[in-house]
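Architecture at a glance
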Amino acid sequence: MATTPATTTGRKKTPPAEPQQAALADAEGPLLIGDLLDVLREYLDDEEVNAVQAAYAFGAEAHDGQLRRSGEAYIFHPLSVAAILAEIRLDSRSVIAALLHDVIEDTPTAQEDLQARFGVDVARLVDGVSKIDQIEFDSREQAEAENFRKMLLAMAKDIRVILIKLADRLHNMRTLDALKPEKRKRIAAQTLDIYAPIANRLGMRNWTQELEDLSFRYLYPKRYDAISKELGKRRGNHRAIIEKTVSKIKAELSEIGIECSVEGREKNIYSVYRKMRSRRVPMSEMRDIFAIRVIVRSVDDCYRVLGVIHNTYKPVPGKFKDYIAIPKANGYQSLHTLLFGTFGQSIEVQIRTTEMHRTAETGIASHWRYKTGDNKNGATTPSHHWLMDLLDTQEQAGNPAEFLEHLKIDLYPDEVYVFTPKGDIKKLPKGSSALDFAYAVHSDIGNHCIGAKVNNEPVPLHHNVSNGDHIEVLTARSASPTPLWLNYAVTAKARAAIRDFLKHQQEEDASKLGKQLLERALTSVGLKTRLRTDQKIQLLRRIGREDWNELLTDIGMGRRLPMVVARQLLPDAAGEAVETSAPLPIRGVEGMSVSYARCCRPIPGDGIIGIFSRGRGIVIHRPTCPNAREHSKKPDAWIDVEWSDDIKSTFEADIRLEVVNRRGVFATLAAVIAEENSNINHVLVTARDDRNSAIRFTIEVTDRKHLASIIRRLRARRSVIRVSRTRG
């Protein structure tokens, strides 16, 4: 059974008001188990502390003889990870799991052994934190994505998994010097891209800042040193200003009887660097790198303090943010205001309650501190809601690259706050569109939206929303996503939902096309197009498929050639003679399973040929295209196609002009194309000599007649020497 009990029976001390987070990190000399136990005794009972000591002994024996790259005994790493969790007063089972987090992967210890000694909870946490199995991946990106998938799934079961994982990464970053420079940079980049933003989304401010600064130091050592030195110089100059402002605020608040704690603080180095880049200003022009924090007892006191401070110092217009009324996505709450301070220096002031401060410093960990047993309430935090949304998104991701894209989008939420028609608040990343809002309300609403009303004004789907907008989504049952929507969507949820819809739509379209192609092939080999059930079963067995629609989809997507499939049904003695069937009509609307080759850009009126392409279905070429000629030598690799009579679409065509270099010639040519109801999608200009240039336009046309009309109009311009369509 577990050494750590579900209920506590020994002496238990009252937890301190605030975690003393630097107690172990700043200790001189190597960390010892006694140092960890001393901190744990401040908030755990004797039985839990004894369980931690037993876990340490077990881990030390399991890792005996193993060394880190630095040369120290390996057990010092899990001990340090456990100490980081103890600094934020995490529960005993998390500390035990931290001490044992590498024993499953790096020692012969099995998960069952941990479960027998320390209980199901600890064994599950250790398994969740353990690295993924050594699977052969196609790329490092795929391995990284699968790693994060597993981590997210483990987080969904128990959020403590990511807290242990982040503490593990934090200690690795603190000891990164032992690795080679290339590996240091790779780990630092991954930390800055993924782990630090995850810590931020979970509200772990102190960990976020340390991870950012350590990553920045290894990625850009010269920039790190320059900013660090400049901050050191300013620290001395601003100390007097900060102290004077702090004393003034304390005195003013004391007069009206508000109990508070007032302290000065400095932004971390990476935060300063990020602001320099976003504002495009040098370090010498950065003003708000020092701040004052006021911590009070109640929300009411927060707003009273704000009034006093604004009466004492002038606020900078437009720089007040109320994160108490509208918290950040990670649960952070505080009032922020920027003041014209003493000696002309602007100073940021943050005002929050003690509970808000605890959440701001340790985020989701504050919901797990001091807790034992199985009845925990940490799963209702904003960070946990974010995690569950992200898990829904990752289930829809088609491949690791898509998932990493979704993850990184979700980890950088510079937010805007908008309102539904009922007055509910929705948080979206800055730059989000009305389409993103529709998907934030519900995926079904997003899939059928046709537009929106923002502040009662009709807007298109791509309209960017702003803070305070009131948005109403307009829908129609006939509406559905198109690939173009991916250009409008910013949020991971919207992009994943659109891609998921398109993927299923693609399979449906491919299945329909596959049915047409197979019927033509069956006719060609002299078989009936309506197959009996036993024939379908026989065919599926031969090619190793179980579902008929899957086979049709494979044919439509070009993964199987229809003629090869059809011949599987022929008797062994059947001849190879085939009949000629009518060409397959192409409707002209570029769908999922029929696309148009960019090498020759066919348009209605051109002769065309269909080439089977694996994963793309049928690709339409002009017969003169070199790529088409190569494939047409293989009878099963192409299909006869023709344009349908009811084409209602536009197609791209390339034209090449040689022109005399004259002022305004480009504008004149563009005007001619516009007058012919055509758009220019791409332009390439190449100077031939001082007098002449070559211009290549990619334009939109409806058919060959439309293109001929444009070419005729262009040829009539005096500055045009010659004009022609580029041919495949």
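Structure report, in brief. (Residues numbered from 1 in each chain as written. Predicted model: local features only at pLDDT ≥ 70, side-chain atom pairs only at ≥ 80, totals over all residues. Heavy atoms only, no water.)

The next point concerns the overall build of the protein. Assigned secondary structure in the protein consists of 26 helices and 20 strands. Here the analysis covers contacts within the protein between residues at least 6 apart in sequence; of these, 69% occur between residues at least 24 apart. Looking at the protein as shown, the accessible area adds up to about 36,200 Å², and 48% of this sits on carbon and sulfur atoms. (Helix = DSSP H or I, 4+ residues; strand = E, 2+ residues; numbered from the N terminus. Contact = heavy atoms within 4.5 Å. Areas by Shrake-Rupley, 256 points an atom, 1.4 Å probe, with all protein chains shown as cover.)

Attention shifts here to the sheet that holds strand β17 (residues 651–660). Pairing in this open sheet of four strands is antiparallel, and the strands run β18-β19-β17-β20 from one edge to the other. Unpaired on one side and paired on the other, β18 (680–687) and β20 (720–725) mark the two borders of the sheet. On average, each strand axis in the sheet is tilted by 20 degrees relative to the strand beside it, whichever way the strands run. Where β17 lies against β20, five bridges are found, and the strand directions are antiparallel. (Pairing = 2+ DSSP bridges. Axes fitted to C-alpha atoms, helices over the stretch in contact; angles between N-to-C directions.)

Mapped onto the elements of the fold, D606 is located in the loop between β13 (594–596) and β14 (609–613). Polar side-chain contacts of D606 include one of 2.8 Å to the side chain of R725. Contacts of D606, omitting those with residues within four sequence positions, involve R601, R622, W643, R704 and R725. (Polar contact = N/O pair within 3.5 Å; in protein donor to acceptor, adjacent residues only side chain to side chain.)

Turning our eyes to something else, we now look at the packing of aromatic side chains. Under the criterion given, the structure shown has 12 aromatic pairs. Taking the centre distance of 5.8 Å and the plane angle of 35 degrees together, the rings of F666 and F697 count as tilted. One end of the pair, F666, is in helix α25 (residues 665–675); the other, F697, is in strand β19 (residues 692–701), and 31 residues separate them in sequence. Take F697: its relative accessible area is 0%, and that puts it in the buried class. An aromatic cluster is present here, built from F216, Y220, Y224, Y270 and Y273 joined pairwise through their rings. (Phe/Tyr/Trp six-rings, centres within 6.5 Å; stacked < 30°, edge-to-face > 60°. Buried < 20%, exposed > 50% of the residue type's maximum accessible area, 1.4 Å probe, protein only.)

A few words on the pairing of strand β2 (residues 290–296). Burial within β2 is extensive, with seven of its seven residues counted as buried. Judged by which residues are buried, β2 turns out to be covered on both faces: F290, I292, V294 and V296 on one side and A291, R293 and I295 on the other are all buried. Two elements, strand β1 (residues 260–266) and β2, share seven bridges in a ladder whose sense is antiparallel. In the sheet register, E266 faces β2, and the bridge partner there is F290. Relative to strand β6 (residues 346–353), β2 is paired through six bridges, and the arrangement is parallel. Among the inter-strand pairings, V296 is bridged to a residue of β6, identified as T353.

Moving on: the environment of H101. With respect to the element layout, H101 can be found in the loop between α4 (92–99) and α5 (103–106). Each C-alpha atom of the pair H101 and G59 lies 9.0 Å from the other, and the pair is 42 residues apart in sequence. Residues within four places of H101 in sequence aside, it is in contact with H77, P78, V81, V126, V129, S130, I164 and D168. At 3.4 Å, the side chain of H101 and the side chain of H77 are in polar contact. One polar contact links H101 to D168, side chain to side chain, over a distance of 3.2 Å.

Next up on the list: the sheet that holds strand β10 (residues 457–459). Consider a sheet: its strands pair through backbone hydrogen bonds, and that pairing is either parallel or antiparallel. Strand order in the open sheet formed by three strands is β10-β9-β11, with antiparallel pairing between adjacent strands. Across the chains shown, the open sheet's two edge strands, defined by having one partner strand only, are β10 and β11 (471–475). Direction aside, neighbouring strands of the sheet carry axes that sit 30 degrees apart on average.

Next up on the list: a positive patch on the surface. Taken together, the side chains of R69, K180, K183 and R186 present a region of like positive charge at the surface. By the secondary structure assignment, K180 is in the loop between α9 (160–174) and α10 (181–201). Overall, K180 belongs to the exposed group, its relative accessible area being 66%. (Patch = residues over 30% accessible without salt bridge, like charges linked within 9 Å, V, L, I, M, F, W, Y side chains within 5 Å. Salt bridge = Lys/Arg side-chain N within 4 Å of Asp/Glu carboxyl O. Lys, Arg positive; Asp, Glu negative; His and termini not counted. Charge placed at Lys NZ, Arg CZ, Asp CG, Glu CD.)

Turning to the packing of α4 against helix α7 (residues 120–129), a few remarks are in order. Closest axis-to-axis distance for the α4/α7 pair is 9 Å, and the angle between their directions is 50 degrees. By the angle between their axes, α4 is oblique relative to α7. Regarding α4 and α7, the two cross each other, and that crossing is right-handed. Along the contact surface, α4 presents R93, S94, I96 and A97, while α7 presents D121, V122, L125 and V126. Here the residues of the contact of α4 with α7 sort into five nonpolar, one polar and two charged. (Parallel < 35°, antiparallel > 145°, perpendicular 65-115°, else oblique. Left-handed = near helix turned anticlockwise from the far one by under 90°. Nonpolar A, V, L, I, M, F, W, Y, C, P; charged D, E, K, R; others polar.)

The subject of this paragraph is helix α22 (residues 548–556). Most of α22 sits inside the fold, with seven of its nine residues counted as buried. W548, L551, L552, T553, D554, I555 and G556 are the residues of α22 that are buried. For α22, the N-terminal capping position is held by D547, with its side-chain oxygen 2.9 Å away from the main-chain nitrogen of N549.

Here we take up the side chain of S94. Among the structural elements, S94 can be located in helix α4. The exposure class assigned to S94 is buried, which follows from its relative accessible area of 0%. Within the structure, S94 has its side chain in polar contact with the side chain of D91 (distance 2.6 Å). In this view, S94 contacts L85, L125, R160 and I164; residues no more than four positions away in its chain are not counted.

Two elements, strand β9 (residues 449–454) and β11, share five bridges in a ladder whose sense is antiparallel. Residue pairing across strands places G451 opposite L474, the latter belonging to β11. As judged from the three bridges shared by β9 and β10, these two strands associate in the antiparallel manner. Note that in β10 the partner of A452 across the bridge is V459. The turn joining β9 and β10, which pair antiparallel and follow one another in sequence, is formed by two residues; a positive phi near 55 degrees is taken by N455.

Moving on to the pattern of salt bridges. On inspection of all chains with the given rule, the structure shows 27 salt bridges. Salt-bridge contacts for K267 lead to E348; the nearest nitrogen and oxygen are separated by 3.4 Å. Placement of the pair is K267 in the loop between β1 and α13 (269–279) and E348 in strand β6, with a sequence separation of 81 residues. Each member of the pair, K267 as well as E348, is classed as buried. Bridged by salt links that share partners, the residues D91, R93, D121 and R160 form one connected network.

Read these as spatial facts, not as claims about activity.
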